[in-house]
Amino acid sequence: MSVARVVTRPLAAALLFTGPIVIWHAPALYEAALRHHNLHILQHVVFLATAVIMWWPVLSPVPELPRIPHLLQLLYLFLLGIPMSVTGALITLSDSVLYPFYATAPRVGGLSPLDDQQIGGLLMWVLGGLMLWIVMTVIWFRYSVWALNGRRRNESP
């Protein structure tokens, strides 16, 4: 349980999630994962495992590993989106194909390899960030209702 307490704290969880996202998208590692099936599976297992850890400070279902307070959840999620957005932006805004595997892959839908890469980067940049903003919005409104209800209880005779 002591390891779980450490890795589910916000800073550790954020680093454990964003580190692999950034590192695995480095061209050499991403290319290796595309060319070696077992490495590709490992890449996705890492993404899934670290995503569970990343969400723990916000969605923890157990009191032994508690959620962080609402306002810190907002800050945590906002800061968490920055490395993923930067990575997605770098992929999107690149003027050359970063991953040679895709340059030689069969074309689907008439997209060039660069167009395909840019769409992938946009999905990571925009949709990944949008998901975090949606969750932050839900947290904000839940916190606002909770705070409003607390004030009402304190004001009642």
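Notes on the structure follow. What you are looking at is a predicted structure, and each value in this text was computed from that prediction instead of being measured.

A few words now on the overall build of the chain. When you go through the chain residue by residue, the secondary structure sums to 7 helices and 0 strands. Here the C-alpha atoms of the chain give a radius of gyration of 20 Å, more than 25% beyond the 15 Å that 2.2 N^0.38 yields for 157 residues. In terms of overall dimensions, the chain has a C-alpha envelope of 75 × 35 × 20 Å along the principal axes. Of the contacts formed within the chain by residues at least 6 apart in sequence, a portion of 63% connects residues at least 24 apart. Accessible area of the chain: about 9,900 Å², with a carbon and sulfur share of 74%.

This paragraph deals with helix α3 (residues 27-35). Listing the buried residues of α3 in full gives Tyr30, Glu31, Ala33 and Leu34. When α3 is viewed along its axis, its buried side chains cluster within an angular range of 160 degrees and face the same direction. Buried residues along α3 sit in contact with α2 (10-24), α4 (37-59) and α6 (100-104).

Now for the packing of aromatic side chains. Overall, the coordinates contain 6 aromatic pairs when judged by the stated rule. Here Tyr30 and Tyr102 contribute two aromatic rings whose centre-to-centre distance is 6.1 Å and whose plane-to-plane angle is 55 degrees, an arrangement assigned as tilted. Of this pair, Tyr30 sits in helix α3 while Tyr102 sits in helix α6; the two residues are 72 residues apart in sequence, bridging distant segments of the chain. Residue Tyr30 is classed as buried on the basis of its relative accessible area, which comes to 16%. Ring plane angle 80 degrees and centroid distance 5.9 Å describe the contact between Phe101 and Tyr102, whose orientation is recorded as edge-to-face. Judged by relative accessible area, which is 27%, Phe101 ranks as partly exposed. Members of the aromatic cluster, connected to one another through ring pairs, are Tyr30, Tyr99, Phe101 and Tyr102.

The next thing to look at is helix α5 (residues 70-93). End to end, α5 covers 34 Å across 24 residues, agreeing with the expected 34 Å (1.5 Å per residue, within 8%). Looking at α5, one finds that the buried residues are Gln73, Leu74, Tyr76, Leu77, Leu80, Gly81, Met84, Thr87, Gly88, Ala89, Ile91 and Thr92.

In this section: the side chain of Thr92. By the secondary structure assignment, Thr92 is in helix α5. Here the side chain of Thr92 touches Gly88 through a polar contact of 2.8 Å, landing on its backbone oxygen. Dropping the residues within four chain positions of it, Thr92 is found in contact with Gln118, Gly121, Leu122 and Trp125.

A word on the side chain of Gln117. Counting through the fold element by element, Gln117 comes out in helix α7 (residues 113-155). A residue is classified by how much of its surface remains accessible, and Gln117, at 7% relative accessible area, is buried. Here Ser96 takes part through its backbone oxygen, which lies 3.1 Å from a polar atom of the side chain of Gln117. Apart from the residues lying within four places of it in its own chain, the contact partners of Gln117 are Ile91, Ser94, Ser96, Val97, Leu98 and Tyr99.

A few words on the nonpolar core. Ranked by size, the top nonpolar core spans 25 residues in total, and within it Phe17, Ile21, Tyr76, Leu77, Leu80 and Ile139 carry the most contacts. Going through the elements one at a time, α2, α3, α4, α5 and α7 are the ones with two or more residues in this core. For this core, the leading source of residues is α5, giving 6 residues. When near neighbours in sequence (up to four residues on either side) are disregarded, Phe17 contacts Thr50, Ala51, Met54 and Leu80.

Under the counting rule described, the total for this entry stands at 2 salt bridges. Arg35 is the partner of Glu31 in a salt bridge, and the nearest nitrogen-oxygen pair spans 2.8 Å. Pair noted here: Glu31 and Arg35 are both in helix α3, with a separation of 4 residues, about one helical turn. Here Glu31 falls in the buried class, since its relative accessible area comes to 11%.

Analysis parameters
Residues numbered from 1 in each chain as written. Predicted model: local features only at pLDDT ≥ 70, side-chain atom pairs only at ≥ 80, totals over all residues. Heavy atoms only, no water. Helix = DSSP H or I, 4+ residues; strand = E, 2+ residues; numbered from the N terminus. Rg over C-alpha atoms; globule rule 2.2 N^0.38 Å. Contact = heavy atoms within 4.5 Å. Areas by Shrake-Rupley, 256 points an atom, 1.4 Å probe, with all protein chains shown as cover. Buried < 20%, exposed > 50% of the residue type's maximum accessible area, 1.4 Å probe, protein only. Arc of directions from axis to C-beta. Phe/Tyr/Trp six-rings, centres within 6.5 Å; stacked < 30°, edge-to-face > 60°. Expected span 1.5 Å × (residues − 1). Polar contact = N/O pair within 3.5 Å; in protein donor to acceptor, adjacent residues only side chain to side chain. Core = buried A, V, L, I, M, F, W, Y, C linked by side-chain atoms within 4.5 Å. Salt bridge = Lys/Arg side-chain N within 4 Å of Asp/Glu carboxyl O.

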